[in-house]
Amino acid sequence: MISHTSPQWQSCEWQSLLQSAIRDSDTLLKVLGLSSAKDQIRPLANPDFPILAPLPFVARMKQGDPNDPLLLQVLATDQEIEMAAEGLLDPLNEAAFTPVPGLIHKYHGRVLLLTSGRCAINCRYCFRRHSDYSATIMTPTRKADVIQYLRTHPEVSEVILSGGDPLLRSDQSLAELIAELETIPHIRRLRIHSRLPIVIPQRVTQELCRVFDQSHLKICVVIHANHPQELDTHVAHAMHLLRSVGVTLLNQSVALQGVNADVDTLEALSYRLYDIGVLPYYLHTFDPVAGALHFDAGTESVVTIYQALQGRLPGYLLPKLVTEYPGQQAKTLVPITPLN
Ligand SMILES: *Cc1c(COP(=O)(O)O)cnc(C)c1O
Ligand code: SF4
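Visitor: If you had to explain the environment of F57 to someone new, which residues and values would you point to?
Guide: Residue placement: F57 occurs in helix α4 (residues 55–58). With 212 residues separating them along the chain, F57 and L269 place their C-alpha atoms 16 Å apart.

Visitor: Outline the packing of aromatic side chains, supporting the account with residue identities and numerical values.
Guide: Counted by the stated rule, this structure contains three aromatic pairs. Ring plane angle 85° and centroid distance 5.9 Å describe the contact between Y125 and F295, whose orientation is recorded as edge-to-face. Note that Y125 is positioned in the loop between β2 (110–114) and α7 (133–136) and F295 in the loop between β7 (279–284) and α14 (299–310), a separation of 170 residues in sequence. For the pair Y125 and F295, one class covers both residues: buried.

Visitor: Before we move on, can you summarise helix α12 (residues 233–244) with the specific residues and values?
Guide: With twelve residues, α12 extends 16 Å between its outermost C-alpha atoms, agreeing within 8% with the 16 Å of an ideal straight helix rising 1.5 Å per residue. Listing the buried residues of α12 in full gives V235, A238, M239 and L242. All buried residues of α12 lie within an arc of 100° about the axis, which places them on one face of the element. Opposite the buried face of α12, by more than 90 degrees, sit the exposed residues T233 and S244. Taken together, the buried residues of α12 touch α10 (196–199), α11 (206–214), β5 (218–224) and β6 (248–254). Its side-chain oxygen placed 3.1 Å from the backbone nitrogen of H234, D232 serves as the N-cap of α12.

Visitor: A description of the nonpolar core should follow, citing residues and the corresponding values.
Guide: Judged by nonpolar contacts, the single largest core of 100 residues is most densely connected at L150 and F212. With five residues, α14 is the largest single contributor of residues to this core. In contact with F212, not counting residues within four places along its chain, are I178, I192, I219, V221, L242, V245 and V247.

Visitor: Account for unusual backbone geometry, naming residues and giving values.
Guide: Between G163 and the following residue, G164, the backbone shows a cis peptide bond with an omega angle of 5°. By the element assignment, G164 lies in the loop between β3 (158–162) and α9 (171–182). The residue R42 is not glycine, and still its phi comes out positive at about 50°. Within the secondary structure, R42 is located in the loop between α3 (38–41) and α4.

Visitor: So what about the site of ligand 1? Which residues, and what values?
Guide: All residues adjacent to ligand 1 are I104, K106, Y107, R110, L112, I160, R191, Y281, Y282, E324 and K331. Residue Y282 places a side-chain N or O atom 2.5 Å away from an oxygen atom belonging to ligand 1. Contact distances for ligand 1 include 2.9 Å between an oxygen atom and a side-chain N or O atom of K331. Across the complex, the protein chains shield 93% of the 380 Å² of accessible surface that ligand 1 would expose by itself. Every element with two or more residues in the shell around ligand 1 is listed here: β1 (103–107), β2 and β7. Considering each element in turn, the shell around ligand 1 owes the most residues, three residues, to β1. Of the residues that constitute the shell around ligand 1, the class distribution is six nonpolar, no polar and five charged.

Visitor: Go over the sheet that holds strand β4 (residues 189–193), please, and point to the residues and values.
Guide: Strand order in the open sheet formed by nine strands is β1-β2-β3-β4-β5-β6-β7-β8-β9, and the pairing between neighbours is mixed. Two strands close off the open sheet at either side, each with one partner strand: β1 and β9 (332–333). Sheet topology places β5 next to β6; five bridges connect them, and they run parallel. Paired with I223 across the bridge in β6 is N251.

Visitor: Tell me about the site of ligand 2, residues and numbers included.
Guide: Every residue near ligand 2 is listed here: C119, I121, C123, C126, R195 and H224. In terms of residue class, the shell around ligand 2 is built from four nonpolar, one polar and one charged.

Visitor: Let's hear about the pattern of salt bridges: which residues, and what values?
Guide: According to the stated counting rule, one finds 18 salt bridges in the structure shown. The partner of E207 in a salt bridge is R210, and the shortest N-O contact between them spans 2.8 Å. Of this pair, E207 and R210 both sit in helix α11, three residues apart, which is roughly one turn of that helix. Under the relative-accessibility criterion, R210 is labelled partly exposed at 38%. Salt bridges linked by common partners bring D48, E80, R124 and R129 together as one network.

Thresholds, definitions, all that
- Sequence order as written defines residue numbering, which begins from 1 separately in each chain.
- By the order in which they are written, chains take letters starting at A while ligands take numbers starting at 1.
- Local features in this predicted model are restricted to residues of pLDDT 70 or higher, and side-chain atom pairs are both shown and tallied only at a pLDDT of 80 or more, whereas totals for entire chains, interfaces and linings draw on every residue.
- Here the side-chain values reflect all heavy atoms present in the structure, with hydrogen atoms and water set aside.
- Runs of H or I in DSSP of at least four residues are treated as helices and runs of E of at least two as strands, each being numbered from the N terminus.
- For this analysis, a ring pair means two rings from Phe, Tyr or Trp (six-membered ring only for Trp) whose centres lie within 6.5 Å, classed as stacked if their planes differ by under 30 degrees, edge-to-face if by over 60, and tilted for the remaining angles.
- Under the scheme applied here, a residue whose accessible area is under 20% of the maximum for its type counts as buried, over 50% as exposed, and between as partly exposed, the area being computed with a 1.4 Å probe on protein chains only.
- Between the first and last residue of a helix there are one fewer steps than residues, each counted as 1.5 Å, and that sum is the expected span.
- The directions from the helix axis to the C-beta atoms are what the arc is built from.
- By the convention used here, residues are in contact when the closest approach between their heavy atoms is within 4.5 Å.
- By the criterion applied in these results, polar contacts are pairs of N or O atoms within 3.5 Å in which, for protein atoms, one can donate a hydrogen and the other can accept it, and in which residues neighboring in sequence qualify only through two side-chain atoms.
- Among buried residues, the Ala, Val, Leu, Ile, Met, Phe, Trp, Tyr and Cys ones that are joined through side-chain atoms within 4.5 Å form a nonpolar core.
- Throughout, the term near means that a residue has one or more heavy atoms lying within 4 Å of the molecule or strand in question.
- Computed with a 1.4 Å probe, the accessible areas rest on the Shrake-Rupley method; for each residue, only the protein chains presented here act as cover.
- Charged means Asp, Glu, Lys or Arg here, nonpolar means Ala, Val, Leu, Ile, Met, Phe, Trp, Tyr, Cys or Pro, and polar covers whatever is left, Gly included.
- Strands qualify as paired when DSSP identifies two bridges or more between them.
- Salt bridges are counted wherever a side-chain nitrogen of Lys or Arg sits within 4 Å of a carboxyl oxygen of Asp or Glu.

Laid out in structure tokens, this is it:
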């Protein structure tokens, strides 16, 4: 049994690290020395979207800080029910772009495969928090239909593994999927959208790197970090392993009130990403999902922050500020007016 008090977790296998993740607010607050601040924090006892926070991620939180930016991303509080009625349940209307279950084909030339119904962490602001994955996920029985769809759509040159978190699948199951994609000549690029290398960097196993190394597909891993404090030396090591087998590394973040919606944090995030070999890709405006509206910084304020960020960062470290509107052909760049 691994516990948060044992120093051994750093050398554990990722599966055990996932199993020993914290799944209730009492334990989480206790580990952080915040039990006595409960009245102020008002944790939600039985949230409909459960708490899930693996120890490698929790270890990067500051002790005794109820406003720690990593804690706020995983702790369910009363704020979730106060405004729950106002948000949307499927803000992106993805159900309308699913030609076969498990596959979303919305944008030109690339498709999303929903390859896992679970995540390694439950982010309170997640726009998929109300998804009924059982209906949308690419199960083993649906895989044949997905592959058939790809074979008959030569305009698709990129497959994006999404979820849930696609890296929750075993190395073997990923290797099998990649092998099948490789039999389709027009598929050239494989992209993997995953928060696991951040949450449990031990997920980047030697075997996974070997599978990537041996594939003829151009592989890109898009990680998801919102705050520089998420990027510790273990994450840096995982990024190093991926880069050493030629994987392109990008990051996407969500602008979140109380977490990263300020210029200094976003600037530090970009520099830290670059230090560990990752380029900033997207900064998403928050999607108004039910139960998470307290993360909404407001588009106007995010634009102001972004303008200031643009004044500080070299162009290659500036993420694209985007919003997703249902029915659009791509993510929409948020218009930025020049500062006078
Ligand atoms: C975001 C997204 C993609 C990928 O878009 P890029 O701009 O290429 O990163 C593809 N399909 C869907 C449905 C998406 O939401
Ligand atoms: S890892 Fe991504 S998909 Fe999973 S809960 Fe977090 S934001 Fe949502």
